[in-house]
Amino acid sequence: MSMLESQNSTREGDGIPARPVYKSPLLRLALRCLVLLVAAVLPARAQAVEIVEPGSGQRFVSPLVASGKGYTLVGTGLRKRDNGSAYAMALYVEDTARQSFPSAYDRANRTRAGLFAQNRAHNFFIWGHFAKLAVLRMLRGHNKQELMQNFSEPLSELLSEKTAPEIRQDTLAFLALFDADLREGQELRLHIDDIGQIDVYLDGKKRIGPQNPRLARHIWEIWLGFRPVQPQMRQSLPDRLDVLAQLPTPSKPPATASPRPGSPTAPTTPTAPTAPNTPTAPNTTAGKASAPAATGRGGKTTPYPPLRDR
């Protein structure tokens with residue numbers, strides 16, 4: 001008898017072909033592992049959604065994986081010029097932004113209106129210590145001079161003689177990265193990490209730029225600053241920032257710093273013996289409650305109430 005029973009065999013008396021019988025334990029184990037693998041992969045793919053930029057109809061996926069890291073889309077926008085629409089844009093933040101977002105959310109009274117008041121959302125993005133990614137999808141062809149112009153015009157004050165030589169040189173080095181043309185449908189990706197390293201991707205080809213946190217903030221202010229290239233983009237690009245409050249917060253890595261004195265894990269230091277009949281001072285630190293953490297034990301998310309419109 002072979003490993004797999006013949007599919008031409010029939011059940012006795014009814015003429016119905018018998019189902020194949022798997023006799024190999026290794027084969028059954030392989031099929032079981034395959035089922036578990038499919039079950040694990042499918043839900044992860046189902047979490048990805050497409051966000052539509054309404055002015056152009058362009059679709060951007062969220063979350064997005066780039067260089068092995070996850071990024072969440074926080075808004076979209078449309079850049080228009082005198083000769084028509086130039087590009088559709090999607091703005092992303094690295095998943096680590098969810099660790100610092102609760103504090104900004106608390107200052108906003110955990111409301112959407114408070115989050116977008118007093119430029120809280122814009123300041124959180126521009127000044128936040130996490131990687132940021134902008135995806136600019138061309139709605140018409142751009143030569144390298146036009147691509148450079150999209151950035152050189154709003155950064156012109158950094159090229160004046162009054163600007164510090166270091167930032168002027170880094171600005172010129174950044175503009176020099178736009179050395180190729182892009183056709184309609186191709187993408188320009190701008191990636192700036194948490195220490196201000198600026199990189200540009202033209203149709204997937206990476207150009208390594210300068211590392212300058214001050215220049216990085218000026219670049220993001222092109223769209224989110226007080227004098228944006230287009231006022232509508234300043235409002236729409238961070239419009240979905242409150243989605244960070246609805247996603248699980250990643251677990252923080254274990255702390256490597258020494259524990260504070262008096263903590264349960266702090267090493268005990270030998271003390272001199274107390275003389276007999278000498279009163280001891282009361283322990284004023286015992287019994288104090290610590291402040292609530294953004295994440296609980298094991299990296300579990302502390303639930304926040306749902307967002308309110310006012």
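Residues numbered from 1 in each chain as written. Predicted model: local features only at pLDDT ≥ 70, side-chain atom pairs only at ≥ 80, totals over all residues. Heavy atoms only, no water.

## Some points on the layout of surface pockets
One water molecule sets the probe size; rolling that probe over the atoms shows where empty space is left. Heads up, the condition is: Residues are said to line a cavity or pocket when one of their atoms sits within 4 Å of a point; the points come from a 1 Å grid over protein atoms alone, cavities being sets where a 1.4 Å probe fits but cannot get out and pockets being open sets with protein on both sides within 12 Å along at least five of seven lines. Grid points are joined across faces, edges and corners, and a volume is the space filled by probe spheres set on the points. Put simply, DSSP marks the helices as runs of H or I at least four residues long and the strands as runs of E at least two long, and each gets a number from the N terminus on. Charged residues are taken to be Asp, Glu, Lys and Arg, nonpolar residues to be Ala, Val, Leu, Ile, Met, Phe, Trp, Tyr, Cys and Pro, and polar residues to be all remaining types, Gly included.
Here the second largest pocket defines a volume of roughly 380 Å³. Looking at the second largest pocket, it is lined by 19 residues, and the ones nearest its centre are E221, I222, G225, F226 and R227. Mapped by element, the contributors of at least two residues to the lining of the second largest pocket are α4 (120-127) and α7 (213-224). Looking at side-chain class alone, the lining of the second largest pocket contains eight nonpolar, six polar and five charged residues.

## Re unusual backbone geometry
Operational definition: Burial classes: relative accessible area under 20% of the type maximum marks a residue as buried, over 50% as exposed, and values in between as partly exposed (1.4 Å probe, protein chains only).
Of note, the amide linkage connecting S62 to P63 takes the cis form, showing an omega dihedral of 0 degrees. Mapped onto the elements of the fold, P63 is located in the loop between β2 (59-62) and β3 (64-66). The backbone of Q118 sits at a positive phi, close to 55 degrees, despite the residue not being glycine. Looking at the element boundaries, Q118 is found in the loop between α3 (112-115) and α4. Residue classification places Q118 among the exposed residues on the basis of a relative accessible area of 64%.

## Describing the sheet that holds strand β7 (residues 187-192)
Here is the rule we go by: Pairing between strands is defined by DSSP: at least two bridges between them are needed. Axis definition: a line fitted to C-alpha atoms, limited for helices to the stretch in contact. Angles are taken between N-to-C directions and run from 0 to 180 degrees. Contacts between residues were defined by any pair of non-hydrogen atoms, one from each residue, lying within 4.5 Å.
Here seven strands make up an open sheet; going across it, the order is β3-β4-β5-β6-β7-β8-β9 and the pairing antiparallel. Of all strands in the sheet, those with a lone pairing partner are β3 and β9 (205-211), marking the two edges. Direction aside, the axes of adjacent strands within the sheet are offset by 30 degrees on average. As defined by bridge partners, strand β4 (residues 69-81) adjoins strand β5 (residues 84-94) across ten bridges and the pair is classed as antiparallel. Within β5, the residue paired with G77 across the bridge is M89. Contacts between helix α6 (residues 165-175) and the sheet are confined to β7, β8 (197-202) and β9, with β9 contributing the most and set at about 175 degrees to the helix.

## With respect to α7
Spelled out, the test is: Take the number of residues in a helix, subtract one, and multiply by 1.5 Å to get its expected span. Identification of polar contacts relies on pairs of N or O atoms within 3.5 Å, with a donor-acceptor requirement for protein atoms, meaning one able to donate a hydrogen and the other able to accept it, and with residues adjacent in sequence counted only if both atoms are side-chain atoms.
Between its first and last C-alpha, α7 extends 16 Å over twelve residues, near the 16 Å set by a 1.5 Å rise per residue. Here α7 starts with a cap whose side-chain oxygen sits 3.1 Å from the backbone nitrogen of R214, and that cap is N212.

## A closer look at the side chain of Q197
The residue Q197 is located in strand β8 in this model. Classification of Q197 by relative accessible area gives buried; the value is 16%. Here D199 takes part through its side chain, which lies 3.1 Å from a polar atom of the side chain of Q197. Side-chain polar atoms of Q197 contact the backbone oxygen of G209, separated by 2.8 Å.

## A short note on the packing of aromatic side chains
So the rule is basically this: Whether two aromatic rings pair depends on their centres lying within 6.5 Å, for rings of Phe, Tyr and Trp, where Trp uses its six-membered ring; planes under 30 degrees apart make the pair stacked, over 60 edge-to-face, and the rest tilted. For a Lys NZ or an Arg CZ to count as sitting over a ring, it must be within 6 Å of the ring centre and within 35 degrees of the ring normal.
One pass over the structure, following the stated rule, counts nine aromatic pairs. Between F101 and F124 the ring centres are 5.4 Å apart and the planes differ by 80 degrees, which places this aromatic pair in the edge-to-face class. One end of the pair, F101, is in helix α2 (residues 97-107); the other, F124, is in helix α4, with 23 residues separating them in the sequence. F124 carries the same exposure label as F101, and that label is buried. Ring geometry for F151 versus W223: centroids 6.0 Å apart, planes at 85 degrees, classification edge-to-face. Of this pair, F151 sits in helix α5 (residues 144-152) while W223 sits in helix α7, and the two are 72 residues apart along the sequence. Summarising the burial analysis for this pair, F151 and W223 share the class buried. Counting every residue linked through ring pairs, the aromatic cluster contains F125, F151, F174, F178, W220 and W223. Taking the ring centre of F226 as reference, the NZ or CZ of R234 above it sits at 5.5 Å.

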